[in-house]
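Spelled out, the chains give:
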Amino acid sequence: MTSLFDIEALAKRNLPPDYWDWISSGYGEGMLVRRNQEAFEEIRIRPRPRVLMDASKIDTSTTVLGERIELPVFASPAGTQWIAHPDAEVAVARGVGSAGTLMNLATGSHNTTEEVSEAARGPLWFQLYHLTDNITRYMLPKVESLGYSAICLTLGRPSGMRREKGPFSDYSPSGDIAWGDLIEVPELRRQIDNLDRSSYNIFNLETVEWIRNITSLPLVIKEVMTAQDARKCVDYGASGIVVSNHGGRTSDKGKASIEALSSIVKEVGDEIEVYLDSGVRSGSDIVKALAMGARAVGVGRPVIWGLALDGHNGVNRVFEILRDEFERAMSICGCISVADIDTSTIVSLKGNE
Ligand SMILES: Cc1cc2nc3c(=O)[nH]c(=O)nc-3n(C[C@H](O)[C@H](O)[C@H](O)COP(=O)(O)O)c2cc1C
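Residues numbered from 1 in each chain as written. Predicted model: local features only at pLDDT ≥ 70, side-chain atom pairs only at ≥ 80, totals over all residues. Heavy atoms only, no water.

S.K.: Quick rundown of the packing of helix α12 (residues 283–291) against helix α13 (residues 301–332)? Include the residues and the values.
M.R.: Packing of α12 against α13 leaves a shortest axis separation of 7 Å and a crossing angle of 60 degrees. Comparing their axes, α13 and α12 come out oblique. Two packed elements cross with a definite hand, and for α12 against α13 that hand is right-handed. From α12, G283, S284, I286, V287 and L290 reach across to α13, where they touch L322, E325, F326, A329 and M330. Taken together, the residues that form the contact of α12 with α13 break down as seven nonpolar, two polar and one charged. (Axes fitted to C-alpha atoms, helices over the stretch in contact; angles between N-to-C directions. Helix = DSSP H or I, 4+ residues; strand = E, 2+ residues; numbered from the N terminus. Parallel < 35°, antiparallel > 145°, perpendicular 65-115°, else oblique. Left-handed = near helix turned anticlockwise from the far one by under 90°. Contact = heavy atoms within 4.5 Å. Nonpolar A, V, L, I, M, F, W, Y, C, P; charged D, E, K, R; others polar.)

S.K.: A description of the nonpolar core should follow, citing residues and the corresponding values.
M.R.: Counting 100 residues, the largest nonpolar core has I241, I258, L276 and F319 as its most contacted members. Tallying contributions element by element places α13 first for this core, with 13 residues. Non-local contacts of I258, meaning those with residues more than four positions away in its chain, are made with A39, F40, I43, L276, A289 and M292. Membership of the second largest hydrophobic core comes to eleven residues, among which are F74, L102, V220 and V242. (Core = buried A, V, L, I, M, F, W, Y, C linked by side-chain atoms within 4.5 Å. Buried < 20%, exposed > 50% of the residue type's maximum accessible area, 1.4 Å probe, protein only.)

S.K.: So what about the pairing of strand β11 (residues 296–299)? Which residues, and what values?
M.R.: Of the two faces of β11, both are covered, the one formed by A296 and G298 as well as the one formed by V297 and V299. Direction of pairing for strand β4 (residues 73–75) relative to β11: parallel, over a ladder of three bridges. When the bridges of β11 are listed, F74 appears paired with G298. The pairing of strand β10 (residues 273–277) with β11 spans three bridges and is parallel. (Pairing = 2+ DSSP bridges.)

S.K.: Any details on the side chain of S257? Residues and values, ideally.
M.R.: Structurally, the position occupied by S257 is in helix α11 (residues 257–268). For S257, a relative accessible area of 0% gives the class buried. Here the side chain of S257 touches D277 through a polar contact of 2.8 Å, landing on its backbone oxygen. Not counting residues up to four positions away in its chain, the partners in contact with S257 are N36, M225, V243, S244, N245, L276, D277 and S278. (Polar contact = N/O pair within 3.5 Å; in protein donor to acceptor, adjacent residues only side chain to side chain.)

S.K.: Account for the packing of aromatic side chains, with residues named and values stated.
M.R.: Enumeration over the complete set of coordinates arrives at five aromatic pairs. Taken together, the ring pairs connect F74, W125 and Y275 into an aromatic cluster. Just above the ring of W22 sits the side chain of R249; from NZ or CZ to the centre is 4.6 Å. (Phe/Tyr/Trp six-rings, centres within 6.5 Å; stacked < 30°, edge-to-face > 60°. Lys NZ or Arg CZ within 6 Å of the ring centre and 35° of its normal.)

S.K.: Describe the environment of P141, naming the residues involved and giving the relevant values.
M.R.: Counting through the fold element by element, P141 comes out in helix α7 (residues 133–145). Of the residues examined, P141 reaches a relative accessible area of 44% and is grouped as partly exposed. With 187 residues separating them along the chain, P141 and R328 place their C-alpha atoms 42 Å apart.

S.K.: How would you sum up α7? Please name residues and give values.
M.R.: If you check α7, its first and last C-alpha atoms are 19 Å apart, about what 13 residues at 1.5 Å a residue would give, namely 18 Å. Looking at α7, one finds that the buried residues are I135, T136, M139, L140, K142 and V143. Elements that come into contact with the buried residues of α7 comprise α6 (113–119), β6 (124–128), β7 (150–154), α8 (186–193) and α9 (205–213). Downstream of α7 by one or two residues, G147 has phi in the positive range, about 95 degrees. (Expected span 1.5 Å × (residues − 1).)

S.K.: Outline the site of the ligand, supporting the account with residue identities and numerical values.
M.R.: Taken together, 24 residues sit near the ligand, with P77, T154, D277, R281 and G300 positioned nearest. S244 is positioned with one of its side-chain polar atoms (N or O) 3.4 Å from an oxygen atom of the ligand. For the ligand, whose accessible area on its own is 610 Å², the fraction buried by protein is 96%. When its residues are assigned to classes, the shell around the ligand shows nine nonpolar, ten polar and five charged. (Near = heavy atom within 4 Å. Areas by Shrake-Rupley, 256 points an atom, 1.4 Å probe, with all protein chains shown as cover.)

S.K.: Quick rundown of the packing of helix α2 (residues 17–24) against α13? Include the residues and the values.
M.R.: α13 packs onto α2 with a crossing angle of 155 degrees between their chain directions and a minimal axis gap of 10 Å. The angle between α2 and α13 places the two elements in the roughly antiparallel class. Relative to α13, the crossing made by α2 is left-handed. Between α2, through Y19, W20, I23 and S24, and α13, the contact on the second element is made entirely by R301, I304 and W305. Here the residues of the contact of α2 with α13 sort into five nonpolar, one polar and one charged.

S.K.: Describe α11, with residues and values.
M.R.: For α11, with twelve residues, the first-to-last C-alpha span of 16 Å sits near the 16 Å given by 1.5 Å per residue. Turning to α11, its buried residues are S257, I258, A260, L261, I264, V265 and V268. For α11, the angular spread of the buried residues around the axis is 135 degrees, confining them to a single face. (Arc of directions from axis to C-beta.)

S.K.: So what's going on with unusual backbone geometry? Residues and values would help.
M.R.: Among all residues save glycine, negative phi is the norm, and among peptide bonds the norm is trans. Its identity as a non-glycine residue notwithstanding, T80 has a phi of 70 degrees, on the positive side. With respect to the helices, strands and loops of the structure, T80 is situated in the loop between β4 and α4 (81–84). Note on T80: relative accessible area 8%, which makes it buried. Residues other than glycine seldom take positive phi values, yet H246 does so here, at roughly 60 degrees. Assignment of secondary structure puts H246 in the loop between β9 (240–243) and α11.

Geometric descriptors of this kind do not, in isolation, establish any biological role.
The structure is reproduced here in structure tokens:
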């Protein structure tokens, strides 16, 4: 297993075909799933041999919201991990922790926020789908007291992916064992069962402000794809944003996340941290995103592939492969530290260097 593509191929063999199809596909005909990766291929890293550079001194560490991580890559939040492996989010926390980086735990996880914080060795963020005021009011103080270091509010929909017709297009994973934190509060669990799913993404900035005011944790807003929205996030007190199109699962219109990054960084990059996910599959993808101003990048599907392969060891393997590839890419570009990576490290094949 020398690349994430090897891990993907092995995971496909281990997972039920309907679930495999569900995690891999995207909205509509999956155009944005493909575009997320193609857009990375349209950028090249610029080799800059530095003969006197001591490659053994390459340092891949950075900080996110002031916390050190050994690699500028984190686990993006993803529900349904229990289908890939019975140890689910606890295994992700262990695998990510061994790699010394950050896990962003999905709201609808099977394992509770306590179980995950016990297993974690590195920083944890809690990803929030704001479903009802009561659930948000219950979860935020809880994760704050457990030591989670940020709330990551996702603006996109938690479900409702419309997929191209295929043999498994009607499949949808059961949510019976999701929302582990709410098992002890059945009245809140019932609120989820009774939710009107069409109202999930009815969101406005007053809601963001309300959330901002009920937690003292930094707020990161996920799935921001335009400079205008990024500006609003800053105005409403966000400490960071994740440029993301949900891995192409919530829309088939618009840009790849890497295509949206530069204008967002130009607008708010001096004021808050900007992260990116969707389509990151290699160490050179990490260099490209960092060169364009991302502080760190997330991976979603690759974590599930690692889980399917070998639980926490498989997740750890995903991050170790990314670390090796990132180190090699840094060495090719003549970068000793993450701070050395800048716009001169890449070349766009479309001509906008
Ligand atoms: C199976 C699956 C479940 C996901 N669940 C969530 C979720 O619960 N919350 C969320 O904010 N994003 C969710 N995402 C989106 C990921 O956080 C991330 O944005 C996306 O997977 C990144 O793209 P990549 O898979 O190409 O790395 C999910 C993605 C997948 C594939």
